[in-house]
Structures are given as structure tokens and as C-alpha cells.
Amino acid sequence: MQSMLPGAPWLLAHKSMLAVNQPEKISLYGNDYAMWKDAAGDIHALPNACPHMGAMLSEGWCEVESDGSSVVACPFHALKFDKSGCTVLPGSNKKTLPLLEPLELIIQGDFIWSYGQYEPKIAIPTVLNEIANSYDFIGHTANRSVETDLLTMLLNMHDYNHQNGTHRDLFRITEVQFHQFIDNGHQSHAFYDMPTAPYSLTEKLRKPDLFLLPTTIKAHLENHFPSLVIFHAEMPLGKAAQCHLFIPEAANRTRTYILLFGKASHPAFKFFGSTYLKFGKVVVDQDADILGKIYPDSPQKIKLNNEVGMDWVRRNFASFPNVGSPNLSK
Ligand code: FES
Ligand SMILES: [Fe+2]
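Scoring rules and cut-offs
Residues numbered from 1 in each chain as written. Chains lettered and ligands numbered in written order. Predicted model: local features only at pLDDT ≥ 70, side-chain atom pairs only at ≥ 80, totals over all residues. Helix = DSSP H or I, 4+ residues; strand = E, 2+ residues; numbered from the N terminus. Rg over C-alpha atoms; globule rule 2.2 N^0.38 Å. Buried ≥ 20, exposed ≤ 12 C-beta atoms within 10 Å, placed from the backbone. Contact = placed C-beta atoms within 7 Å. Expected span 1.5 Å × (residues − 1). Domains from an automatic or database assignment. Nonpolar A, V, L, I, M, F, W, Y, C, P; charged D, E, K, R; others polar. Core = buried A, V, L, I, M, F, W, Y, C linked by C-beta atoms within 7 Å. Pairing = 2+ DSSP bridges. Axes fitted to C-alpha atoms, helices over the stretch in contact; angles between N-to-C directions.

Looking at this structure, how should I read the overall build of the protein chain?
For the protein chain, the count of helices and strands is seven helices and 16 strands. Over its C-alpha trace the protein chain gives a radius of gyration of 22 Å, about what one expects of a compact globule, namely 20 Å for 330 residues. Within the protein chain, the proportion of its 330 residues that are buried is 32%. Counted over contacts in the protein chain with a minimum sequence separation of 6, partners at least 24 positions apart contribute 57%.

Would you mind going over helix H7 (residues 308-319) with me for this structure?
Note on helix geometry: an α-helix contains 3.6 residues per turn, so any two residues three or four positions apart are oriented the same way. A rise of 1.5 Å per residue sets the reference length of H7, with its twelve residues, at 16 Å; its end C-alpha atoms lie 16 Å apart and thus fit the reference within 8%. Elements that come into contact with the buried residues of H7 comprise helix H2 (150-157), strand S11 (177-183) and strand S12 (187-195).

Whenever I open this one, the domain arrangement of the protein chain confuses me. Can you help?
Note: interface size is frequently given as the accessible area lost on complex formation between the parts. Under the domain assignment used here, the protein chain contains domain 1 (2-114) and domain 2 (127-319). Computed from C-alpha coordinates alone, the two centres of domain 1 and domain 2 are separated by 31 Å. Elements supplying a minimum of two residues to the side of domain 1 that touches domain 2: strand S1 (10-14) and strand S2 (24-28). When residues in the side of domain 1 that touches domain 2 are grouped by element, the largest group, four residues, is from S1. Its residues assigned to classes, the side of domain 1 that touches domain 2 comprises eleven nonpolar, seven polar and one charged.

Looking at this structure, I do not really get the nonpolar core. What am I missing?
Burial of nonpolar side chains together is a common tendency in soluble globular proteins. In terms of nonpolar packing, the biggest core is built from 64 residues, with Leu12, Ala34, Leu46, Val72, Cys243 and Leu245 touching the most fellow members. A domain-level breakdown of this core finds at least three residues from each of domain 1 (2-114) and domain 2 (127-319). Those residues in contact with Val72 that lie beyond four places of it in its chain are Pro23, Ala34, Trp36, Leu46, Leu57, Gly60, Cys62 and Phe81.

What's the story with the sheet that holds S1 in this structure? I'm lost.
Paired through backbone hydrogen bonds, the strands of a sheet run either parallel or antiparallel to each other. Judged by pairing direction, the sheet is antiparallel, and its three strands sit side by side in the order S1-S9-S8 without closing on themselves. Because the sheet does not close on itself, it has two edges, and the strands there are S1 and strand S8 (106-108). Taking each pair of neighbouring strands and ignoring which way they run, the sheet shows an average axis angle of 30°. Both S8 and strand S9 (residues 111-114) contribute to a ladder of three bridges, which runs antiparallel. In the sheet register, Gln108 faces S9, and the bridge partner there is Phe111.

Help me understand the sheet that holds strand S5 (residues 61-64), please; the structure alone is not making it clear to me.
Pairing within the open sheet is antiparallel, and its three strands lie in the order S5-S6-S7. The outermost strands of the open sheet, each flanked by one partner alone, are S5 and strand S7 (80-81). Pairing of S5 with strand S6 (residues 70-73) involves four bridges; the strand directions are antiparallel. For Val64, the partnering residue across the bridge sits in S6 and is Ser70.

What should I look at first to understand unusual backbone geometry in this one?
The phi angle of most residues is negative, glycine excepted, and most peptide bonds adopt the trans form. Residue Pro226 is bonded to the preceding Phe225 through a cis peptide linkage, with omega at -5°. With respect to the secondary-structure elements, Pro226 resides in the loop between strand S13 (216-224) and strand S14 (228-235). With an omega dihedral of 0°, the bond running from Phe320 to Pro321 counts as a cis peptide bond. One can find Pro321 in the segment after H7. One non-glycine residue, Ala142, lies in the positive phi region at around 60°. With a phi angle near 60°, Asn306 is a residue other than glycine that sits in the positive phi range. As for its position among the elements, Asn306 is in the loop between helix H6 (273-291) and H7.

Quick look at the structure:
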């Protein structure tokens, strides 16, 4: 269990990721839940195994009650459970006591957080609320479960040297110019530039999206351990905050997705929103691919330059939920 950092908050979803009255399966700490959004935008989550004979409630459907709220119906024998886990048995006209314990959710605007029934040890980062207030929400992408543990997933995200291997097809980065790492404990910032080898005009004409890639990628990563990494990008057309989220679904399965926010300095920026989402998806797919091709327990005998982000992840993992004195700034 310690490998999944109980006591940390996890952003299970953004409200836009749920269709109204459509149950979705959400996993956290080895437990599955049926989560649904009703017409008023309220979010509910119950353990996914029906207390009758164990069918997955997430495979069922929602029904709207007379007061506008909705209940989830089991796909096996159609028992209906309200948000508190109560049902009305056939032949009865009275609700049962709760038969399922709802997952505790903390809703902040469109953000659906949870501590997965554990006692909170660290606070929910406020930065997403600030971004939601000052940027436009562009969309979500790359929501996928990867067969890897949380630590390995986070090491990949904070590895500033893998662009040339994992992402070589996309970016053609020629070097990583590392500038600064600011260690504030569970929060940190990394600043580095990545000049890229140019694409030819023919390649760009074949794939017009490539026109949007800058010749030098200026990276500012804002990290909130353990669940959030924000990639801040400045482009001629506007600013973007590409938020990467992580959720330990089980000891060896970790879910990730991207929420993209933008602030346009030119009207054309909006038009390219879907292209930026597409880039984000390619990046996550490439990361997921390499994570399936490494031996996670093999000892590291070589250390490269600029592994400070990974040192930060390992340090925070080892001392969770505490941080000794932050000592990695450089
Ligand atoms: S298994 Fe759900 S109603 Fe029977
Ligand atoms: Fe990556």
C-alpha cells in the first residue's frame, strides 16, 4: 500500500470527462467504483460490485428520479442504488439502509478529488483552481491506464533526458539545456530548453501540425507531488498549461490523463486547441509504450546529468508524507 502513497489527494476526473447520467468505472488503490454525474452536475461514486451478486454497476445505466437526481441501475437484475447506496427491493416500497459505502469526493469546481477513504496527509494543490479561473479549458486527452507502478510512472514524467529516446519521432531534440530546479518540498519547478532539429518543408507540408512546433521547446514544469505536473508553454499564439494527472489504480496499474488549458493572445489559438491535444496524446502514448518495455526493478548503475527531477521524486517517495529540508535546488 505504501507504494501508492495513502494520504495523498488524487484528481479522479474533470467533470467534462463524464457524460451526464452515464456511469464510468474509476479505480483507486485496488478498488473499483461506479462514478456518475447527474443532470445538475453533481458527482456520485459507489463501490462497483453490486451487493446482490457482484455485477459491475459501471456497466449499468442511470435513471432519473422525480427530484432530478439520478440513481445507478445494476445491469444484472436492475436493482437501483441512490448516491448513498440505498435501494428499494422488489415487493417493498421502502428504501433499505445503505448497502454500499460511497467514495468520499471533494469537488472543487469541475475538479473531482479523492483521498480514497484514507486520512488526508497532504493538502489538495490550489493551483488548478487558479488556472481554471484565468485560462480557458481546452479539453482532456490521453486518459489511459498503464501497467506500471506509481513510482515508475512519476520517474518517467520527471525524467528530462528521455525526449531523445521515447519521444524521438516527434520532437528531434538535439540537447537538453538545463537551467534551474527549485525544490520547495512537495512542490518544485524545473526550467530547461530543448532545441530541436528542423523538419523539412516537405515533412511539414505532409503533416501541417508540425508548423506549430517551436524550434526550441522552452519547458517550465511546475510539479505538485505526487499527482500533478503542469507543463507551462509559451507560444506566439498564446499560453498553455498542460496538466498531467496520475492516479494509482492498483499497485501495478497507474492511470494518467491530460487537462489542457489555454490563454489566447491571438484568436487563431482556439483553432489549434485540438492540435495541441493531439500532440499531448502522442506524448502520453509514447510514454506508455516505453513503460511497458522496461524492467522496473533493475538496479540503476549509471546516472546521467539532469536527473534532479527523478531525485526529487525518489526523495519525496521515501519520506512521504514528510519532507526533510528541501535540498535539491540548483
Ligand atoms: S447483481 Fe446487481 S441486481 Fe443482481
Ligand atoms: Fe515523456
